[in-house]
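Summary of the model geometry
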Amino acid sequence: MSGAGTSTAAADGPSDVGTRGPFALAALLGVVVFALLAARLDFVCDDAYITFRYARNWADCHGLGYHVGTDAPVEGYSEFVWALLVGVGMKLGIAPEIASRVVSYAAGAALVVLVARASARRFGPSAPATVGATLFAASAPPISAWSSGGMATMPAVTLGFGLFLAATRRVPEAVSIARAAALPAVLASALALTRADGALQVALVLGPLIALGAASTERRRGAVVALAAAIVSASAFGMHVLWRSATYGDWMPNTARVKLGFSARATERGLDYVLWNLYSMPGIALAVAHGL
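Residues numbered from 1 in each chain as written. Predicted model: local features only at pLDDT ≥ 70, side-chain atom pairs only at ≥ 80, totals over all residues. Heavy atoms only, no water.

What follows covers the side chain of threonine 51. Within the element layout of this structure, threonine 51 appears in helix α3 (residues 48-59). A relative accessible area of 4% places threonine 51 in the buried class. Setting aside anything within four residues of it in sequence, one finds threonine 51 in contact with Tyr77, Glu79, Trp82 and Ala83. (Helix = DSSP H or I, 4+ residues; strand = E, 2+ residues; numbered from the N terminus. Buried < 20%, exposed > 50% of the residue type's maximum accessible area, 1.4 Å probe, protein only. Contact = heavy atoms within 4.5 Å.)

Attention now moves to helix α8 (residues 153-168). End to end, α8 covers 23 Å across 16 residues, agreeing with the expected 22 Å (1.5 Å per residue, within 8%). Packed against the buried residues of α8 are α4 (80-91), α5 (96-123), α7 (141-145), α9 (177-194) and α10 (198-215). (Expected span 1.5 Å × (residues − 1).)

Grouped together as the largest cluster of nonpolar side chains are 17 residues, with contacts concentrated most on Leu163, Leu187, Ala188, Leu191, Val202, Leu206 and Leu209. Looking at this core, the elements with two or more residues in it are α8, α9, α10 and α11 (220-248). Counting residues in each nonpolar core, the second largest holds 12 residues, with Ala38, Leu111, Val112 and Met281 among its members. (Core = buried A, V, L, I, M, F, W, Y, C linked by side-chain atoms within 4.5 Å.)

Moving on to a nonpolar patch on the surface. Together, Val88, Leu92, Ile94, Ile98 and Val102 make up an exposed nonpolar region whose accessible area comes to about 450 Å². A relative accessible area of 38% places valine 88 in the partly exposed class. (Patch = residues over 30% accessible without salt bridge, like charges linked within 9 Å, V, L, I, M, F, W, Y side chains within 5 Å. Areas by Shrake-Rupley, 256 points an atom, 1.4 Å probe, with all protein chains shown as cover. Salt bridge = Lys/Arg side-chain N within 4 Å of Asp/Glu carboxyl O.)

Let us look at the packing of α5 against helix α6 (residues 127-138). Contact geometry for α5 and α6: axes closest at 8 Å, N-to-C directions at 155°. Relative to α6, the element α5 lies roughly antiparallel. The way α5 lies across α6 gives a crossing that is right-handed. In contact with Val112, Val115, Ala116, Ser119, Ala120 and Phe123 of α5, α6 contributes Ala129, Thr130, Ala133, Thr134, Ala137 and Ala138. Grouping the constituent residues of the contact of α5 with α6 by class yields nine nonpolar, three polar and no charged. (Axes fitted to C-alpha atoms, helices over the stretch in contact; angles between N-to-C directions. Parallel < 35°, antiparallel > 145°, perpendicular 65-115°, else oblique. Left-handed = near helix turned anticlockwise from the far one by under 90°. Nonpolar A, V, L, I, M, F, W, Y, C, P; charged D, E, K, R; others polar.)

This paragraph deals with the packing of aromatic side chains. Scanning the entire structure with this criterion turns up nine aromatic pairs. Measuring from ring centre to ring centre gives 4.8 Å for tyrosine 54 and tyrosine 77, while their planes differ by 65°; the resulting arrangement is edge-to-face. One end of the pair, tyrosine 54, is in helix α3; the other, tyrosine 77, is in the loop between α3 and α4, and 23 residues separate them in sequence. Exposure class is identical for tyrosine 54 and tyrosine 77. Each is buried. Measuring from ring centre to ring centre gives 5.4 Å for tryptophan 276 and tyrosine 279, while their planes differ by 35°; the resulting arrangement is tilted. Separated by three residues within a single helix, tryptophan 276 and tyrosine 279 lie in helix α13 (residues 264-280), roughly one turn from each other. (Phe/Tyr/Trp six-rings, centres within 6.5 Å; stacked < 30°, edge-to-face > 60°.)

A few words now on unusual backbone geometry. One non-glycine residue, cysteine 61, lies in the positive phi region at around 70°. Relative to the elements of secondary structure, cysteine 61 occurs in the loop between α3 and α4.

And the structure:
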């Protein structure tokens, strides 16, 4: 019994008595700051209207195609689950500009709360550290801006962070592998199907955990959980690829073929993108340096 209690405490981190106050304060301040900045940066990206059109045709029972009645449709969107969710909203009479932003704002707020909760568990009763970490995320312009936009950017980020937290949580011996892997498997599958690059993000989260488990006995149980989640998400992604091939005649979306590639011009654009982000938010570089 004492062993089980120790495992549970290790899984939960510091006691709730020590984390409840810092978590509540950080979450409240973070959500307020996030909401104010998100309202200031609210917009709808032009790329979102591509997905909106696919969603409209799907909602009208014409399939996920840009043109109605086309014999050979092209997958010109990059967010499969997102297109379906927006389409469901359209079926319910909700405009895509509204539905997409409501879900994205909810995902952004959930991300801030998750950061607050994770920080409180990690730092324990240290309120300044918990509040500071949460406000850093809540005040990040990319997070607030892309909580609107009409695209699946923020839901994917929240799914990825949630997957990281769920997959790295210590699993007590009393909990079965199947039960422990259920939440990571659901989050990984949702992420893999939300964006075209979602499967890569899943691999970046679960891959290191599996590798660490293979090299460390202490991490073996967590690695098995990560492996189980990876298998489930890979199966879901594989079925989607088969459906994509049957529907569009290609194993990858057309957007990936257009955007991917290595050239001097592509490298220059990528570097400009990275430098512009560092210019608009210098804290990113500080966070990376501090993490190292």
